[in-house]
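Notes for the structure review
The residues making up each chain are set out below.
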Amino acid sequence: MIRLENINKTYFGAQPLHVLKGINLHVEEGEMVSIMGASGSGKSTLLNILGILDNYDTGDYYLNGKLVKDLSENEAADMRNRTIGFIFQSFNLIPFKTAMENVALPLYYQNVSRKKRNNLALEYLERFGLREWADHYPNELSGGQKQRVSMARALVTQPKIILADEPTGALDSKTSAEVMQILREVNQSGITMVIVTHEKGIALRTNKIIHLKDGVIENIEINNPDLIDFNTEIK
Amino acid sequence: MFDFDGLNEIWQTITRNKTRSFLTAFGVFWGIFLLVILSSTGNGFENGLMKQVEGVTPNTAFFYTSTTSEPYKGYQKGRSWTMQMSDLEAIREAFPCIQAISPESSLWSSEEKNVVYNSRGESFSVKGVMPEYNDIQKSKILKGRFINDTDIASCRKVCLLGKKVYETMFEKGEDPLGKMVRVNGIYFQVVGVVRSYTENVNINGTIDESVLLPFTTMQQVYGMGDKIYFFALVADDDTPISSFEDDLKLLIKERHDIAPTDETAIESFNLSEIFGAFKGMFLGIHILIWIVGLGTLMSGIIGVSNIMLVTVKERTREIGVRRALGAKPKNIISQVLSESLLLTVLAGLVGMCIGVGIMAIVAMITSSMPSSDTMFQDPNMGFGAAVTATVIIIVSGLLAGVLPAWRAIQIKAIDAIREE
Ligand SMILES: Nc1ncnc2c1ncn2[C@@H]1O[C@H](COP(=O)(O)OP(=O)(O)OP(=O)(O)O)[C@@H](O)[C@H]1O
Ligand SMILES: [Mg+2]
């Protein structure tokens, strides 16, 4: 599903910063992978490249068999819209739209009719137990509810892959556990998942932990989430 | 570019900050409102003036003789002279652009009450004219007919009464046609009643207070021979009279042995020059109005553009999220353009409607005022100007959105995603 070959990325700020120094990575379809590492190790940078939000300098990135390189704005937008679902630490819901409208937004860019996309949005909100919150605005929702809305938004287009940057970063441990439970269920429905986190408790709930250090993959830890007790606290 | 499913999307963002949207739109509203009010008022005055001169053909001139002011070919200066019908024929031949030409002779009576009917007498002016006179100073025939060629050819003793003359001399509702009226001692049969189109522009006295006689009859019965002191003519619209006015005078001077340089022997009065002056004045007023209106509108548009720029900046995160979720540049452009378009068009149309509404009320009030010679008539913007204004609103709405839209597509998804 994801294949990275010798990816390099340098930020040219006040002084050049070589953030990713030759990343090689394979993520198979249906895998659930976490990326861990110290702050500043390049986790978000890597995830943004995976999400075609940012570009890389050298190397090759294949997503779903297609080389992601020098894409036009439109191609990139299309690919993000149809194959990738994003979950952010700060939710990134649009404040003046209701939960339903937020969930329906990606479908708007697929030219799905208003009625159809609202129905689909309601269906997904239902799935996350938020049916009765459909007409509420983000500032009327709790952190956990917001994250569930954003998960519904990520899934409504039936993407092949979910990219989550610290999805539980703004949540308490109990809510974090709930969110992780949902993400596992999503993964079990066959959707590939890459989660950036610096919480061990989160990483332990994924099948593969990629340790990033100073812009290179230090090691990849194979993990069996079924072995951990899901009632244990995450934080 | 403008998708209707997106209308709700755009409406949401506009109504999100109602005060700001209102203040933004107000500049455009005010510009259009001002434009409508000013240009309608300008038109009102123009229409008022046009009403005054209704029935007057602009391309009209009047020529009249006077004593010579230079000696020439053995004649002394200060010589009295007159024109003849043959002069008018020569003029008509020399200048084919002349559509109508008619002499006009007047009778100033020493009698106190020169027009008499049924022992009722009153003083009115008496004019002798040709049938073509009605093409020069148009009058409305209320009863009967105008003077015709047979009247001229056989010097019939017929007359037309001005409206006022008829009203003074006859009982209300009395049929004047066929009745005999005594004019300066001679009886004429009434063949018609006429009214001038306007009461305000009249050369040589108003028709309403005149008795019109066939030119030839008048010359004959009052012993005026073939003398013409005054004539009027109308040329076709493509040939301004000023273009041949001097040549025409030269022709007459030559026929009567008058020095070509003599400025006073024959003089003229050209209506088109006066019309031209008025037209120029109103053109100037209209240009001024549009400059003021468009200037105000322009500052409104710049206001819209400015606020949209601020809005785009504030919405960096939202736009970035949209991009991350799959919005293409064209989606973002169309959203920003539609927003500024909707805001501008709404404000513009409201301004136009209110302006037109107010002017309609003003028009109602002015038209209900009794005086018919009001200088202010039917103040409206005109359909063409309204269409122009609408097109300007739409175009400027799009223009106002161009810079903000360009800024908006500079925002990349990554800008929004990056924390802080
Ligand atoms: N746009 C940028 N321009 C310049 N430097 C950047 C930019 N974005 C990130 N960096 C730098 O690149 C490095 C890696 O950043 P990145 O956000 O990938 O770290 P991270 O692993 O996600 O850290 P954290 O756990 O704190 O989120 C950091 O040193 C950061 O300062
Ligand atoms: Mg990060």
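The shown structure was predicted, so the numbers you read here are calculated from the model rather than taken from an experiment.

This brings us to the sheet that holds strand E6 (residues 84-87) of chain A. Residues and elements named next belong to chain A. The strand order across the open sheet formed by 6 strands is E6-E7-E8-E3-E9-E10, and the pairing between neighbours is mixed. Lying at the two open borders of the sheet, with one neighbouring strand each, are E6 and strand E10 (216-222). Ignoring strand direction, the axes of neighbouring strands in this sheet form an average angle of 20°. Bridge count between strand E7 (residues 161-165) and strand E8 (residues 192-196): 5 bridges; the pairing is parallel. Bridge pairing links isoleucine 161 to threonine 192 in E8.

A few words now on the sheet that holds strand E4 (residues 58-63) of chain A. All names here are of chain A. With antiparallel pairing, the 4 strands of this open sheet are ordered in space as E2-E1-E4-E5. One side of each edge strand has no neighbouring strand; the edge strands of this open sheet are strand E2 (16-27) and strand E5 (66-67). Here 9 bridges tie strand E1 (residues 2-12) to E2, and the two strands are oriented antiparallel to one another. Paired with phenylalanine 12 across the strands is proline 16, a residue of E2. Sheet strands touched by helix H1 (residues 43-50): E1, E2 and E4. Its angle to E1, the strand with the most contacts, is close to 120°.

This paragraph deals with the side chain of Glu166(A). All names here are of chain A. When you line up the elements, glutamate 166 lands in the loop between E7 and helix H6 (173-188). No salt bridge forms around the buried glutamate 166; measuring N to O, its nearest opposite-charge neighbour lysine 43 is 4.9 Å away. If sequence neighbours within four positions are ignored, glutamate 166 has contacts with Lys43, Gln89, Val196, Thr197 and His198.

Next up on the list: H1(A). Residues and elements named next belong to chain A. Of all 8 residues that make up H1, 7 are buried, and the element is covered over most of its length. Taken as a whole, H1 has its buried residues at Lys43, Thr45, Leu46, Leu47, Asn48, Ile49 and Leu50. In the stretch just after H1, isoleucine 52 is the one whose phi turns positive, near 55°.

Looking now at the pattern of salt bridges. As enumerated under the stated definition, the model contains 24 salt bridges over all chains in all. Where Lys412(B) meets Glu73(A), a salt bridge forms, and the shortest distance between an N and an O atom there is 3.4 Å. With Lys412(B) in the loop between helix H12 (383-410) and helix H13 (413-417) and Glu73(A) in helix H2 (residues 73-83), this residue pair bridges two chains. A residue is classified by how much of its surface remains accessible, and Lys412(B), at 33% relative accessible area, is partly exposed. One salt bridge connects Lys163(B) with Glu167(B), and the closest N-O pair in it is separated by 3.6 Å. One end of the pair is Lys163(B) and the other is Glu167(B), both in helix H6 (residues 163-169) and 4 residues apart, which spans about a single turn. Accessibility expressed as a relative area gives 28% for Lys163(B), which makes it partly exposed.

What counts, and at which threshold
- Residues numbered from 1 in each chain as written.
- Chains lettered and ligands numbered in written order.
- Predicted model: local features only at pLDDT ≥ 70, side-chain atom pairs only at ≥ 80, totals over all residues.
- Heavy atoms only, no water.
- Pairing = 2+ DSSP bridges.
- Helix = DSSP H or I, 4+ residues; strand = E, 2+ residues; numbered from the N terminus.
- Axes fitted to C-alpha atoms, helices over the stretch in contact; angles between N-to-C directions.
- Contact = heavy atoms within 4.5 Å.
- Buried < 20%, exposed > 50% of the residue type's maximum accessible area, 1.4 Å probe, protein only.
- Lys, Arg positive; Asp, Glu negative; His and termini not counted.
- Salt bridge = Lys/Arg side-chain N within 4 Å of Asp/Glu carboxyl O.

Geometric values such as these leave the question of function open.
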